[in-house]
Amino acid sequence: MNRPFEIMHSYELRIEEAVKTIRKRVSFTPKILLILGSGLGEYAAELDVEEEIPFSEIPDFPISTAPGHDGRLIFGRLDDIPVVCMKGRVHLYEGYEPWDVVFPIRVMKEIGVGSVFLTNASGGINYGFMAGDLMLITDHISVFAPNPLIGPNFERFGTRFPDMTHVYDEEFCDLIREAAHEEKVPLQEGVYVQLTGPSFETPAEIRMLRNMGADAVGMSTVIEAIAAHHAGLRVIGISCISNAAAGMTKELLSGDDVNLTANETAPLFSRLVTASIRKIGKEL
Ligand code: HPA
């Protein structure tokens, strides 16, 4: 028995089944996959929606157990730009394996998307950031999360040892900067680090992460970015800084407070996402 190769075979079959199910229900090919993080759950209201598919209706699609992460794919258009929103991503801390967390990215690659727009909420580590800021993700630190490419390599997606020098598409980052400028949305920039969670960090961990060069910390996104880049997708990401990271203020951290600030920032965040997609859509 060669277990890794059995796993690879069944994983590829699972992807094919999910792709078939989606193709039966959706008549167009989205160009951008927008992964909605905390606060952006209602973003799909910005689209002319054509089809919604609950994750539970797609065979083997990982289903979120996190409160407020109602899982569905929402297919629609922003102006003429075909987009699919993923509402309710799954996280490592729910017990999912890294390859399950990135399963939707691979399915959407097979469906034909060319770009992935990642969003999330995070704790600000950089002293220059405030709760409610938005941060363009310019690079990431992945060393605290399991790499989603561990295991047999899926040659149909990408190479065994993918380069990670330019994960976040520089041309698209420039378009997001332009969009922020035109919309007068202040935009920070920085390095995002993913930890597995679900516990928040200790103050000592935050000091360590700052010394390593991280500006914001969260529990998602990086492994999705790695799988997407591996598969040749163009990646961009924006993080809503929902709180100062542990130990930086007297406040204790809570998931409810994270969601509250993320929800308050949602109108500004949505405006920036829409303006960014309009610009990026013109380049596709
Ligand atoms: N730490 C980790 N994840 C987070 C935080 C944080 O402070 N805020 C929002 N997501």
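We now turn to the structure provided with this report.

### So, the environment of Asp-80
- Mapped onto the secondary structure, Asp-80 falls in the loop between strand S3 (72–78) and strand S4 (81–87).
- Classification of Asp-80 as exposed rests on a relative accessible area of 68%.
- With 32 residues separating them in the primary sequence, Asp-80 and Asp-48 have C-alpha atoms 9.5 Å apart.

### Quick look at the packing of helix H4 (residues 170–183) against helix H7 (residues 255–283)
- Between H4 and H7, the least distance of the axes is 8 Å, while the angle of their chain directions is 130°. The angle between H4 and H7 falls in the class oblique. For the element pair H4 and H7, the recorded crossing hand is right-handed. Contacts from Glu-171, Phe-172, Leu-175, Ile-176, Glu-178, Ala-179, Ala-180, Glu-182 and Glu-183 of H4 reach H7 at Arg-271, Leu-272, Ala-275, Ser-276, Lys-279, Ile-280 and Glu-283.
- In terms of residue class, the contact of H4 with H7 is made up of eight nonpolar, one polar and seven charged.

### Observations regarding the site of the ligand
- Near the ligand the following residues occur: Ala-121, Ser-122, Gly-123, Phe-200, Glu-201, Val-217, Gly-218, Met-219, Ser-242, Asn-243, Leu-253 and Val-258.
- A distance of 3.5 Å separates a nitrogen atom of the ligand from a polar atom in the backbone of Ala-121.
- Interatomic distance of 2.8 Å between a side-chain N/O atom of Glu-201 and a nitrogen atom of the ligand.
- Taken by itself the ligand offers 260 Å² of open surface, and the protein chains cover 96% of this.
- Residue classes in the shell around the ligand are distributed as six nonpolar, five polar and one charged.

### Examining the nonpolar core
- Of all hydrophobic cores here, the largest spans 84 residues; its most connected members are Ile-22, Tyr-43, Leu-73, Val-107, Met-108 and Ile-277.
- The element that contributes the greatest number of residues to this core is H7, accounting for eight residues.
- Discounting residues that sit within four places of it in the chain, Ile-22 has contacts with Ile-53, Ile-58, Leu-73, Phe-75, Val-107, Met-108 and Ile-111.
- By size, the runner-up hydrophobic cluster in this structure holds eleven residues, among which are Val-193, Ile-206, Leu-209 and Ala-214.

### With respect to the side chain of Asp-215
- Here Asp-215 lies in the loop between helix H5 (203–212) and strand S8 (216–218).
- Buried charge without a partner: Asp-215 forms no salt bridge, and the closest opposite charge is Arg-210, 7.9 Å away.
- Engagement of the side chain of Asp-215 in a polar contact is seen with the side chain of Asn-126, the distance being 3.0 Å.
- The residues contacting Asp-215, other than those within four sequence positions of it, are Gly-123, Gly-124, Ile-125, Asn-126, Phe-129, Met-135, Glu-189, Gly-190 and Val-191.

### Quick notes on the packing of aromatic side chains
- This structure, assessed with the given rule, holds six aromatic pairs.
- Between Phe-61 and Phe-103, the ring centres sit 5.9 Å apart and the planes meet at 75°, which makes this aromatic pair edge-to-face. Residue Phe-61 is located in the loop between strand S2 (48–54) and S3, and its partner Phe-103 is located in helix H3 (residues 103–111); the two are separated by 42 residues in the primary sequence. Here Phe-61 and Phe-103 have matching classes, each one buried.
- Ring pairing ties together the aromatic residues Tyr-11, Phe-55, Phe-61, Phe-103, Phe-154 and Phe-157, which thus form one cluster.
- Positioned above the aromatic ring of Phe-103, the side-chain terminus of Arg-14 is 4.9 Å from the ring centre.
- The ring centre of Phe-172 lies 3.9 Å from the NZ or CZ of Arg-234, which sits over that ring.

### Focus: a nonpolar patch on the surface
- On the surface, Val-143, Met-208 and Met-212 cluster together into a nonpolar patch covering about 280 Å² of accessible area.
- Turning to its location among the elements, Met-212 is positioned in helix H5.
- Accessibility expressed as a relative area gives 40% for Met-212, which makes it partly exposed.

### Some remarks on the pattern of salt bridges
- With the rule as written, the count across this model stands at 20 salt bridges.
- Between Arg-156 and Glu-12 there is a salt bridge; the shortest N-O distance is 3.9 Å. Of this pair, Arg-156 sits in the loop between strand S6 (134–141) and H4 while Glu-12 sits in helix H1 (residues 3–25); the two residues are 144 residues apart in sequence, bridging distant segments of the chain.
- For Arg-156, a relative accessible area of 35% gives the class partly exposed.
- The salt bridge involving Arg-89 is made with Glu-224; its shortest N-O contact spans 2.9 Å. Within this pair, whereas Arg-89 is found in the loop between S4 and helix H2 (98–101), its partner Glu-224 is found in helix H6 (residues 222–230), the two being separated by 135 residues in sequence. Side by side, Arg-89 and Glu-224 carry an identical accessibility label, which is buried.
- Counted as one network, the salt bridges with shared partners bring together Glu-12, Glu-16, Glu-110 and Arg-156.

Reading the values: rules and limits
- Residues numbered from 1 in each chain as written.
- Predicted model: local features only at pLDDT ≥ 70, side-chain atom pairs only at ≥ 80, totals over all residues.
- Heavy atoms only, no water.
- Helix = DSSP H or I, 4+ residues; strand = E, 2+ residues; numbered from the N terminus.
- Buried < 20%, exposed > 50% of the residue type's maximum accessible area, 1.4 Å probe, protein only.
- Axes fitted to C-alpha atoms, helices over the stretch in contact; angles between N-to-C directions.
- Parallel < 35°, antiparallel > 145°, perpendicular 65-115°, else oblique.
- Left-handed = near helix turned anticlockwise from the far one by under 90°.
- Contact = heavy atoms within 4.5 Å.
- Nonpolar A, V, L, I, M, F, W, Y, C, P; charged D, E, K, R; others polar.
- Near = heavy atom within 4 Å.
- Polar contact = N/O pair within 3.5 Å; in protein donor to acceptor, adjacent residues only side chain to side chain.
- Areas by Shrake-Rupley, 256 points an atom, 1.4 Å probe, with all protein chains shown as cover.
- Core = buried A, V, L, I, M, F, W, Y, C linked by side-chain atoms within 4.5 Å.
- Lys, Arg positive; Asp, Glu negative; His and termini not counted.
- Salt bridge = Lys/Arg side-chain N within 4 Å of Asp/Glu carboxyl O.
- Phe/Tyr/Trp six-rings, centres within 6.5 Å; stacked < 30°, edge-to-face > 60°.
- Lys NZ or Arg CZ within 6 Å of the ring centre and 35° of its normal.
- Patch = residues over 30% accessible without salt bridge, like charges linked within 9 Å, V, L, I, M, F, W, Y side chains within 5 Å.

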